[in-house]
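Descriptive analysis of the structure
So you can see what is in the structure, the chains are spelled out below.
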Amino acid sequence: MKSLTVEQTTDMIIKACDAIVEDKPYLTEVDSKIGDGDHGIGMAGGMEKAKSMLTEKRPFPDINSVFKMTGMSMLNSMGGASGVIFGTMFLGGVKNLEAVSELDGHLMARIMRGSLDSIKERGKANLGDKTMVDALEPAVVALENGNKEDLVQLMKEAKDAAWQGVENTKNYIAKYGKAKTLGERAIGYQDAGATSVAIIFDAMYEYIKSLAQS
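Below is a short write-up of the structure. Here the structure is a predicted model, which is why all the values come from computation and not from measurement.

1. Structural notes on the overall build of the chain
The secondary structure content of the chain amounts to nine helices and two strands. Ordered by position in the sequence, the α and β elements of the chain form the string β-α-α-α-α-α-β-α-α-α-α. Whereas a compact globule of 214 residues would reach a radius of gyration of roughly 17 Å, the chain reaches 16 Å, a difference of no more than 12%. Reported as C-alpha extents along the three principal axes, the dimensions of the chain are approximately 45 × 35 × 35 Å. Contacts in the chain between residues at least 24 apart in sequence constitute 70% of all its contacts with a sequence separation of at least 6.

As structure tokens, this is what we get:
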């Protein structure tokens, strides 16, 4: 499978929204270990709003609009740092991008690279700081290095890289958020933001895989 239509892309993002909402208790549990414990609630709320808007406003004229609607919905409904950062995950990649009607491996890599660059510019976090970047950056590298003609395999490699990134956060001392105050006591615990990124990539992969098999 090489690409998704605008409608399929909309469905893929809705699947990601559903996955975050479903994993709200898990994300709350992860965040309560070293954070404020509200990450799951915030993410689920943002994704519920995004799903509602995607469903209500479809069909969209292009891929760009799907990502923009998702990002703006999260930004406006979540508030706080998570709202800005996860809103940017969907907004940053399509900023200044010409209107496109197909999402293939090349475009997925380009969008996610734009997202990563925007997030790093805005949040100043880098790999190893125990943030969402620790899952997103490996996923982006996997997208850029993988076979872009096979979207299923490409997304599998990206989601696997994201989950490995989550695992790696257990070894890091946090540089941001409440976990920063824990110092070395945060070691051994995974980052909630990175976990959300991996869940999103996992859901996108599962949707694309199911399409290819149908």
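That covers the picture; the talk isn't over yet.
2. Details of helix α2 (residues 24–34)
Quick reminder: α-helices carry 3.6 residues per turn. Residues three or four places apart thus point the same way. Every buried residue belonging to α2 is among L27, V30, D31 and I34, and all of these are buried. Mapping the buried residues of α2 onto a view down its axis gives an arc of 90 degrees, with all of them on the same face. Buried residues along α2 sit against α1 (6–22), α3 (39–57) and α9 (192–213).

3. Here we look at the packing of aromatic side chains
On inspection of all chains with the given rule, the structure shows one aromatic pair. Here F67 and F90 contribute two aromatic rings whose centre-to-centre distance is 6.1 Å and whose plane-to-plane angle is 40 degrees, an arrangement assigned as tilted. Here F67, found in helix α4 (residues 63–78), pairs with F90, found in helix α5 (residues 80–91); they are 23 residues apart in sequence, far enough to count as distant. Residue class for F67 comes out buried when judged on its relative accessible area of 0%.

4. Considering the side chain of D191
Locating D191 in the fold gives a position in the loop between α8 (151–169) and α9. At 3.5 Å, the side chain of D191 forms a polar contact with the backbone nitrogen of M132.

5. Description of the packing of α2 against α3
Where α2 contacts α3, the two axes come as close as 7 Å, and the packing angle between them is 145 degrees. Together, K24, L27, T28 and D31 of α2 and H39, G40, I41, M43 and A44 of α3 make up the contact between the two elements. Of the residues that constitute the contact of α2 with α3, the class distribution is four nonpolar, three polar and two charged.

6. Some points on the packing of helix α6 (residues 105–123) against helix α7 (residues 133–145)
In the contact formed by α6 and α7, the axes pass within 9 Å of each other and the chain directions differ by 150 degrees. Accordingly, the angle class assigned to the pair α6 and α7 is roughly antiparallel. α6 and α7 meet at a crossing whose hand is left-handed. In this structure, α6 contributes M108, A109, M112, R113, L116, I119 and K120 to the contact, and α7 contributes V133, L136, E137, V140, V141, L143 and E144. A breakdown of the residues in the contact of α6 with α7 according to their chemical character gives 10 nonpolar, no polar and four charged.

7. Focus on the environment of I20
Mapped onto the fold, I20 is located in helix α1. Remark: the alpha-carbon pair of I20 and T9, spanning 11 residues in sequence, is separated by 17 Å. Residues within four places of I20 in sequence aside, it is in contact with L27, M43, A44, M47, S196, I199 and I200.

8. Focus on α1
The end-to-end C-alpha distance of α1, which contains 17 residues, comes to 24 Å, matching closely the 24 Å that a straight helix rising 1.5 Å per residue would cover. Of all the positions in α1, only V6, T9, T10, M12, I13, I14, A16, C17, A19 and I20 are classed as buried.

9. Comments concerning the nonpolar core
Nonpolar side chains in soluble globular proteins tend to end up buried together. Counting 61 residues, the largest nonpolar core has M89, L136, I200 and F201 as the members making the most contacts within it. Looking at this core, the elements with two or more residues in it are α1, α3, α4, α5, α6, α7, α8 and α9.

What counts and what doesn't
- Residues numbered from 1 in each chain as written.
- Predicted model: local features only at pLDDT ≥ 70, side-chain atom pairs only at ≥ 80, totals over all residues.
- Heavy atoms only, no water.
- Helix = DSSP H or I, 4+ residues; strand = E, 2+ residues; numbered from the N terminus.
- Rg over C-alpha atoms; globule rule 2.2 N^0.38 Å.
- Contact = heavy atoms within 4.5 Å.
- Buried < 20%, exposed > 50% of the residue type's maximum accessible area, 1.4 Å probe, protein only.
- Arc of directions from axis to C-beta.
- Phe/Tyr/Trp six-rings, centres within 6.5 Å; stacked < 30°, edge-to-face > 60°.
- Polar contact = N/O pair within 3.5 Å; in protein donor to acceptor, adjacent residues only side chain to side chain.
- Axes fitted to C-alpha atoms, helices over the stretch in contact; angles between N-to-C directions.
- Nonpolar A, V, L, I, M, F, W, Y, C, P; charged D, E, K, R; others polar.
- Parallel < 35°, antiparallel > 145°, perpendicular 65-115°, else oblique.
- Left-handed = near helix turned anticlockwise from the far one by under 90°.
- Expected span 1.5 Å × (residues − 1).
- Core = buried A, V, L, I, M, F, W, Y, C linked by side-chain atoms within 4.5 Å.

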